[in-house]
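# Fold and geometry: a report
Read off the chains here:
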Amino acid sequence: MDATLLLMQGLNGLQLGVMLFLMAAGLTLVFGVMNLINLSHGSLYMMGAYLAASLQQQTGSFLWAILLAVPATLAVGMVVEVVTLRKLYDRDHLDQVLATYGLILFFNELVRMVWGPQARFMALPEALSHSVVLFPGMRYPAYRLVIIGVGLGVGGLLFWLIHHTRLGMLIRAGASNREMVNALGVNIKVLYTVVFGLGAALAGLAGMMAGPILSIEVGMGEPVLILAFIVVVIGGIGSIKGAFVAAVLVGLVDTFGRVLLPAGVSSMSICILMAGMLCWRPKGLFPAHG
Amino acid sequence: MKRTGLGILAVAAWVLSSGLPCHAADAIKIGYIATMSGPGASLGTDILDGFKLGIKHCGDKLGGLPVEVIVGDDQLKPEIGVQVATRMLEKDKVDMVTGIVFSNVMMAVAKPITDQGVFLISANAGPSPLAGAQCLPNLFTVSWQNDQTHEAMGKYLQDKGVKRLYLMAPDYQAGKDAMAGFKHSFKGEIVAEVFTKINQPDYAAELAQLRAAKPDAVFCFYPGGMGINFIKQYAQAGLKEEIPLYTTAFTLDQSVLQAMGDAALGLMNASFWSPDLDNPVNKKFVADFKAAYGRLPSLFAAQGYDAALLIDSGVRAVGGNLNEKDKLRDAFKKADFQSVRGKFKFNNNHFPIQDFYIRQVVKNEEGVLTNKIVAKAFTDHADAYCDQCPMK
């Protein structure tokens, strides 16, 4: 493998990692702060993609579709939290898994009823639909560079939100000691709704960014969800920093695994990474709960 | 114990004697088993829509009998398919079963259904074992044998003189069958044969490797959503202008083209059918399908339509007497109906002998992406397994 190809695959790994980070950030927040295992996170990813595709058809603009679909998925997430998940916080994880698995089935059939069984299309803006020459002999799809940019930007924004704002302080406090936050008079119900909405919006954003690359179809969230869970486990539950580092790590390992290893082994490479990480650091790279 | 046994025998004898009247049935019950939920649902829906249109064109009857269609969802799981089939056979007492989108479901249900003396008309899946040594007298496949379509593209590229080819497919049975079928007729150099994980969403890494290998052309098989991902990413990487991409109708069928957009424009694929195939039956089918469902039919819808016409022809030939199994089988074997693909006949293994075409994705006058025939790859093409089938 020559240097150009190596760099190219590095960029591919980074881009995959950044997409995974958008998914995993919401998941790790919800898991860490609310102690809720949310299997329906992938459904919110799918909802984000479908909403953006429809909005793009209505408005004719990719940017407007994203700007409108993010608050829309935030709202969907908040409604889901208020209507169903609120009743599950005191239950054990198995009940949560069961209920949120039910949500996956619900959203899949909902999408099929509203949008039909055929996959939807989301066009790229003309300026981003081609590949750019980074330097002689190396072309890279322009849109994937945008994804890397958006992912890094959102990562920075989240880092600031978590570490330099009052909301972030509450989220961090909630992740470390739920009862104490409640005892100090913080309205934990509202905090939970906000955190879940935020997680939903992040998942939705990941879905929207994936829309032009991938097929927007029923069940598109499930394969990504599994990778996102692996990222959360490796990064440490509840840690945004951990999710970022782990997502990029998983993106790179998956990409180079697929390129360098035979087919049978490469599909295991991420699981081997996770198993190794669990032996070395059972709580993940940057655990939020001390 | 003995007495109950005798009792059952008596009841069975009575049921048999009264249940085998030598006159025509007053209705025909058809079980439709397909994947109707989840990501694979669009194929099952398309076949059913085509099947229903076929019934409508036969005067809302099949072979002169009023039709009741019972729809069952196999959820793309063989064991669920068997459950649904058993329920249809025992509770609903269906006269025939059709549908069956995926080969793994087909392999599980084919014997349980046909062992009961019930005819199974496959409207899609055509796995090689059932075309070869394990062929079944009561199974008729109205679509194709899995390998055939890929063989057509292999022949086309062989004739075109393409030398160095790069192969890509998902790592599962149908992907492997596709590549094997392709290699039956393509004899040039295979630069690499890459199998990706099934339902893998992103192909950036594989596409970078592909570009570095500098092949003359690429042949791929990515049905459904995987194809949408692959084709879009292939175009976005700028590869479409650099290395020609060839595939089969399953990657570029009507149900996925709109979701691919211009990324699919101009791509070549092999198929036994195309919406522009020039015969009166097909013209009527395409026009009426569009009027009824508001979209162009896919090849899957065409298969569903032909399944209805085949059943109609068989039932008509035996005068609606569904218990005349041997006569019905002979009638099916004749395939005495006007197919949307033009001429059509069954081989000894009850799989089709048919022509294959090379199509290109174009925009029609309304700006909708669709396929157009540009060449013919095979005339009267039989599958590679018919010799292994003991049926004559």
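Residues numbered from 1 in each chain as written. Chains lettered and ligands numbered in written order. Predicted model: local features only at pLDDT ≥ 70, side-chain atom pairs only at ≥ 80, totals over all residues. Heavy atoms only, no water.

Residues and elements named next belong to chain B. Over its 13 residues, helix 3 (residues 78–90) runs 18 Å from end to end, which matches the ideal 18 Å to within 8%, given 1.5 Å per residue. Where helix 3 is concerned, the buried positions are Ile80, Gly81, Val84, Ala85, Met88 and Leu89. Against the buried residues of helix 3 lie strand 1 (28–34), strand 3 (65–73) and helix 4 (103–115). (Helix = DSSP H or I, 4+ residues; strand = E, 2+ residues; numbered from the N terminus. Expected span 1.5 Å × (residues − 1). Buried < 20%, exposed > 50% of the residue type's maximum accessible area, 1.4 Å probe, protein only. Contact = heavy atoms within 4.5 Å.)

So, on to the interface of chain B and chain A. Between chain B and chain A, the residue contacts involve 38 residues of the former and 35 residues of the latter. Counting the surface lost from both chain B and chain A, the interface buries some 2700 Å², and carbon and sulfur atoms represent 53% of this. It is B:Gln209, B:Lys232 and B:Gln236 that lose the most area in chain B upon contact with chain A, and together they represent 20% of the buried surface on that side. The interface formed by chain B and chain A contains three salt bridges. Across the pair A:Arg258 and B:Glu206 runs a salt bridge, and its minimum N-O distance is 2.7 Å. Applying the counting criterion to the chain B and chain A interface returns 15 residue pairs in polar contact (both at pLDDT 80 or more). The leading source of residues in the side of chain B that touches chain A is helix 8 (residues 204–213) of chain B, at seven residues. (Buried area = accessible area lost by both parts, 1.4 Å probe. Salt bridge = Lys/Arg side-chain N within 4 Å of Asp/Glu carboxyl O. Polar contact = N/O pair within 3.5 Å; in protein donor to acceptor, adjacent residues only side chain to side chain.)

This part is about the state of the cysteines. Tallied over the entire structure, the rule returns one disulfide over all chains. Distance from the sulfur of A:Cys279, which forms no disulfide, to the nearest cysteine sulfur (A:Cys271) is 14 Å. Owing to a relative accessible area of 69%, A:Cys279 belongs among the exposed residues under this scheme. The thiol of B:Cys386 is not disulfide-bonded; the next cysteine sulfur, from B:Cys389, is found 8.3 Å away. (Disulfide = S-S within 2.5 Å.)

This paragraph deals with helix 9 (residues 224–236) of chain B. Residues and elements named next belong to chain B. A rise of 1.5 Å per residue sets the reference length of helix 9, with its 13 residues, at 18 Å; its end C-alpha atoms lie 19 Å apart and thus fit the reference within 8%. Along helix 9, the residues that are buried comprise Gly225, Met226, Gly227, Ile228, Asn229, Phe230, Ile231, Lys232, Gln233, Tyr234, Ala235 and Gln236. Gly238 sits one or two residues past helix 9 and shows a positive phi near 80 degrees.

Residues A:Met34 and A:Tyr45 are the most contacted members of the largest nonpolar core, which totals 89 residues. Not counting chain neighbours up to four residues away, the residues in contact with A:Met34 comprise A:Leu29, A:Glu81, A:Tyr89, A:Arg178, A:Tyr192, A:Val195 and A:Phe196. (Core = buried A, V, L, I, M, F, W, Y, C linked by side-chain atoms within 4.5 Å.)

Further remarks concern unusual backbone geometry. Residues and elements named next belong to chain B. We note that Asp60 has phi near 55 degrees; this positive angle belongs to a residue other than glycine. With respect to the helices and strands, Asp60 occurs in the loop between helix 2 (41–57) and strand 2 (61–62). In this structure, Lys214 is a non-glycine residue whose phi angle is positive, near 50 degrees. Within the fold, Lys214 resides in the loop between helix 8 and strand 9 (217–220).

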